[in-house]
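# Architecture and fold: a report
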Amino acid sequence: MNSVILVARREITTHIRTKAFVIGLLITAVLVGAVAFAPKILGGPDSYKIGAVNSQELPLKAAAPDAEFEWRTFPDEAAAKKAVLDGDVDAALVNNTKVLTDGEIDSQLGVLLQSTNRELKLGAAGVSIPPLQMVSVGADTRYQSARTGIAVVLVLVLFMLIIGQVMMVAMGVVEEKGSRIVEILLTSVRPWQLLAGKIIGLGALGLINLVTILVVGVSASVVSGIAVDFPPGLPGIVAGVLLWFVLGYAFFATLAAALSSLVSRQEEVSNVMSPLTMLIMVTYFGAFYATTDPTGTLAKVASLVPPFSSMVMPVRMAAADVPLWEIGLSTVLMLLAVAGVLSFGAKVYERAVLRTGARIKLGDVLRAK
Amino acid sequence: MLEISELRKRFAGGPDAPEGKVALDGISFAVRPGEMFGFVGANGAGKTTTMRIVMGVLQPDEGSVSWQGRPLEYIGRRRFGYMPEERGLYQKMRVAEQVEYFGRLHGMGAAAARTAAGDLLERLGLTERRGDAVEALSLGNQQRVQLAVALVHDPEVLVLDEPFSGLDPIAVDALATVLQERCRGGVPVIFSSHQLELVERLCDSVGIVSAGRMVASGTVGDLRAAENRTLRVVVRDPAPGWADGLPGTVTVTGDRHVLLTTDGDDQEILRRAMKAGQVEHFGAEQPTLTEIFKEAVA
Ligand SMILES: Nc1ncnc2c1ncn2[C@@H]1O[C@H](COP(=O)(O)OP(=O)(O)OP(=O)(O)O)[C@@H](O)[C@H]1O
Ligand SMILES: [Mg+2]
């Protein structure tokens with residue numbers, strides 16, 4: 001076990017010191033931060049500029065708390081008219097009776113002005129109207145768009161991280177095999193220890209990346225204010241993402257190690273890995289589809305079947321409510337798949353990694369002994 | 001004692017050689033603690049294959065390797081030091097870290113591994129390069145790192161495949177001294193080499209392999225004794241035809257005639273030589289290891 005830790009630690013320390021890792025981490029952090037601020041910069045809440053000529057400012061904010069209002073006073077109607085035409089203000093209220101607009105008024109602003117004006121006048125006349133109470137009898141859809149957004153970002157993050165780390169496992173295996181370092185390594189560690197150490201080490205690097213993304217993403221969202229739209233179950237979603245990343249990575253990385261141990265040169269890696277990259281791509285597309293239809297049959301089935309579940313389930317969990325038994329079943333199935341792949345992968349790796357030279361056929365490895 | 005007995009290994013052939021290739025054909029030898037064993041043989045004779053089987057990198061078809069009377073297993077091999085023929089190091093890893101890492105993989109504690117790595121690098125003249133990435137080193141210096149990796153954990157047995165190739169004379173001496181020290185400490189050392197003078201100088205015993213078999217082995221002295229002694233006579237300016245009827249061959253360089261023979265009556269030869277001219281040299285030749293080697297694999 002000690003050897004596994006040593007191998008894993010070497011992977012972590014050698015990679016974490018490389019420029020590629022540090023720069024990659026910085027870029028992801030910046031990108032994730034940018035995504036969290038984008039809604040504010042691009043859309044942001046509705047905001048209106050309203051001019052007033054000889055008028056009282058209407059309590060618009062009370063009627064529409066999400067929107068921003070800015071009042072500007074003008075000395076006379078001519079000045080207000082010029083400001084409206086120049087686009088300096090969206091509308092101008094004149095003498096508490098008339099609203100100047102450039103063409104047709106923004107419908108929301110129009111309705112707001114009318115109703116606030118009415119309410120104010122009625123209030124002044126001693127009439128008070130209790131506001132209508134809104135009661136939803138359907139599903140809680142308040143967070144739907146936020147949840148879908150989170151799910152879309154998650155799919156991308158999971159896919160990028162899994163394929164990136166899995167390729168690193170493959171390259172590492174071939175580096176050791178091709179340069180014959182394995183010949184010395186395997187006189188001091190068992191093949192499974194070497195394999196486990198490598199997968200754990202590179203997985204830890206992936207987790208560092210993932211945690212950075214989550215921390216930056218969540219804190220940037222809090223700072224930018226979009227976090228108020230986040231669903232209440234966020235910690236559960238985050239925990240789920242971490243769990244499913246670990247499971248999915250373990251599955252794909254083990255297969256990657258087994259496949260890449262069949263070749264001895266870096267140039268052959270992408271070739272021998274192509275079936276696996278295909279499988280990851282299919283999983284990715286499945287998960288992406290699930291963001292658009294998280295409650296559909298396809299998403300439901302794919303979120304139970306390994307290895308697709310490794311990306312589809314976290315996406316489904318983010319995008320919609322998933323019954324607990326489905327999460328449990330899917331986790332158990334994925335764990336079984338990981339166990340199976342580990343025993344298969346370790347066997348292939350052990351038999352193939354010392355056979356340098358031409359590419360070995362998988363069938364030959366499985367038949368041998 | 002490290003015992004290699006009756007190793008056989010056949011490599012599967014390709015489509016053009018379906019019968020395959022016999023690399024080892026029943027090779028046996030033993031190395032005692034504190035013995036330096038030189039493993040020599042022509043290219044393709046089977047040295048590397050034997051060493052890889054000893055280190056468990058290859059499985060033999062038949063035969064066995066035992067250490068201290070017991071079949072050699074993974075646990076035993078962990079205490080061996082190995083330098084493979086095809087060198088392998090992490091190119092991007094720093095020199096000292098790399099040596100330390102392999103020490104730790106062999107079960108050393110962190111502090112012990114650091115000290116051992118530092119000492120070895122010092123001995124091998126690499127102290128100044130300890131912080132460099134391996135890829136930045138010249139080939140010979142990379143080879144020194146590879147040796148440090150094989151030696152760092154104070155191995156019980158050393159198996160080194162051509163450790164001296166590519167080293168400059170200073171490094172050869174440094175390595176020879178390190179190996180002799182380890183040997184004196186009771187470690188059996190096997191190394192293969194094509195530098196026969198070096199083998200002759202360093203080794204207590206030598207094994208000559210040819211086509212997967214051990215054709216001669218023993219101390220250099222034993223091998224010499226087994227060889228027919230060669231008589232070498234140098235005569236200056238002799239009468240022409242002086243050696244007619246004598247066994248052996250005569251080569252002429254300038255006015256010197258050199259007679260080499262392995263049989264015939266030496267007293268008779270001496271008389272003839274003295275009559276013919278001025279005898280500059282008369283004596284039995286010590287065959288060099290190179291000569292023994294050529295004879296053995298012929
Ligand atoms: N992986 C392999 N596949 C097929 N044949 C092999 C393989 N490895 C070695 N051989 C063959 O086995 C024989 C012995 O090779 P080996 O490498 O042991 O020789 P060697 O004594 O170390 O030679 P050298 O002095 O050139 O290093 C050679 O004929 C070689 O072609
Ligand atoms: Mg060799």
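Residues numbered from 1 in each chain as written. Chains lettered and ligands numbered in written order. Predicted model: local features only at pLDDT ≥ 70, side-chain atom pairs only at ≥ 80, totals over all residues. Heavy atoms only, no water.

Quick look at the domain arrangement of chain A now. Under the domain assignment, chain A is made up of domain 1 (2-39 + 144-367) and domain 2 (47-124). If you average the C-alpha positions of domain 1 of chain A and of domain 2 of chain A, the two centres end up 55 Å apart. (Domains from an automatic or database assignment.)

Looking at the magnesium ion (ligand 2), the protein donor atoms are Thr48(B) (OG1) and Glu85(B) (OE), and they sit 1.9 to 2.2 Å from it. Placement of the pair is Thr48(B) in helix α1 (residues 47-54) and Glu85(B) in the loop between β6 (80-83) and α3 (95-105), with a sequence separation of 37 residues. (Donors = N, O, S within 2.8 Å, 3.2 Å for Na, K, Ca; no water. Helix = DSSP H or I, 4+ residues; strand = E, 2+ residues; numbered from the N terminus.)

Residue and element names in this part refer to chain B. Strand order in this open sheet of four strands is β2-β1-β4-β5, and the pairing throughout is antiparallel. Whereas interior strands pair on both sides, the edge strands pair on one side only; in this sheet they are β2 (21-31) and β5 (70-71). Pairing of strand β1 (residues 2-11) with β2 involves eight bridges; the strand directions are antiparallel. Within β2, the residue paired with Arg10 across the bridge is Val22. (Pairing = 2+ DSSP bridges.)

The rolling of a water-molecule-sized probe over the atoms marks out the regions of remaining empty space. In this structure, the largest pocket occupies an estimated 1500 Å³ of space. Broken down by secondary-structure element, the contributors of at least two residues to the lining of the largest pocket are α8 (191-224) and α13 (324-352) of chain A together with β1, α1, β4 (62-67) and α2 (74-77) of chain B. Among the elements that make up the lining of the largest pocket, the one with the highest residue count is α1(B) (four residues). Of the residues in the lining of the largest pocket, the class split is 19 nonpolar, eight polar and 15 charged. (1 Å grid on protein atoms, 1.4 Å probe; cavity = no way out; pocket = protein on both sides within 12 Å on 5 of 7 lines; lining within 4 Å. Points joined across faces, edges and corners; volume = space filled by probe spheres on them. Nonpolar A, V, L, I, M, F, W, Y, C, P; charged D, E, K, R; others polar.)

Okay, helix α10 (residues 269-292) of chain A next. Residues and elements named next belong to chain A. With 24 residues, α10 should cover 34 Å at 1.5 Å per step; its first-to-last C-alpha distance of 34 Å lies within 8% of that length. All of the buried residues in α10 are Val269, Val272, Met273, Leu276, Ile280, Thr283, Tyr284, Ala287, Ala290 and Thr291. Buried residues along α10 sit in contact with α6 (144-178), α9 (234-260), α11 (297-302) and α12 (309-319). (Expected span 1.5 Å × (residues − 1). Buried < 20%, exposed > 50% of the residue type's maximum accessible area, 1.4 Å probe, protein only. Contact = heavy atoms within 4.5 Å.)

Right, let's talk about the sheet that holds strand β2 (residues 68-73) of chain A for a bit. Whenever strands of a sheet pair, they do so through backbone hydrogen bonds, lying parallel or antiparallel. All names here are of chain A. What the four strands build is an open sheet, ordered β2-β1-β3-β4; its pairing is mixed. Sheet topology places β2 and β4 (98-101) at the edges, where each strand pairs with a single neighbour. Across the sheet, the mean angle separating the axes of adjacent strands is 25 degrees when strand polarity is ignored. Here strand β3 (residues 91-94) pairs with β4 via four bridges, running antiparallel. In the strand pairing of β4, Ala92 is matched with Leu100. On top of the sheet, helix α4 (residues 77-86) reaches β1 (47-53), β3 and β4; it is set at about 40 degrees to β4, its chief contact. (Axes fitted to C-alpha atoms, helices over the stretch in contact; angles between N-to-C directions.)

Another aspect to go through is helix α5 (residues 107-124) of chain A. Residue and element names in this part refer to chain A. Helix length check: α5 (18 residues) gives 26 Å between terminal C-alpha atoms against 26 Å at 1.5 Å per residue, within 8%. Along α5, the residues classified as buried are Leu109, Gly110, Leu112, Leu113 and Thr116. The buried residues of α5 occupy one face: seen down the axis, they fall within an arc of 165 degrees. Residues of α5 that are exposed and point more than 90 degrees away from the buried face comprise Ser107, Val111, Arg118 and Glu119. In the segment just after α5, Gly126 is the residue with positive phi, at about 90 degrees. (Arc of directions from axis to C-beta.)

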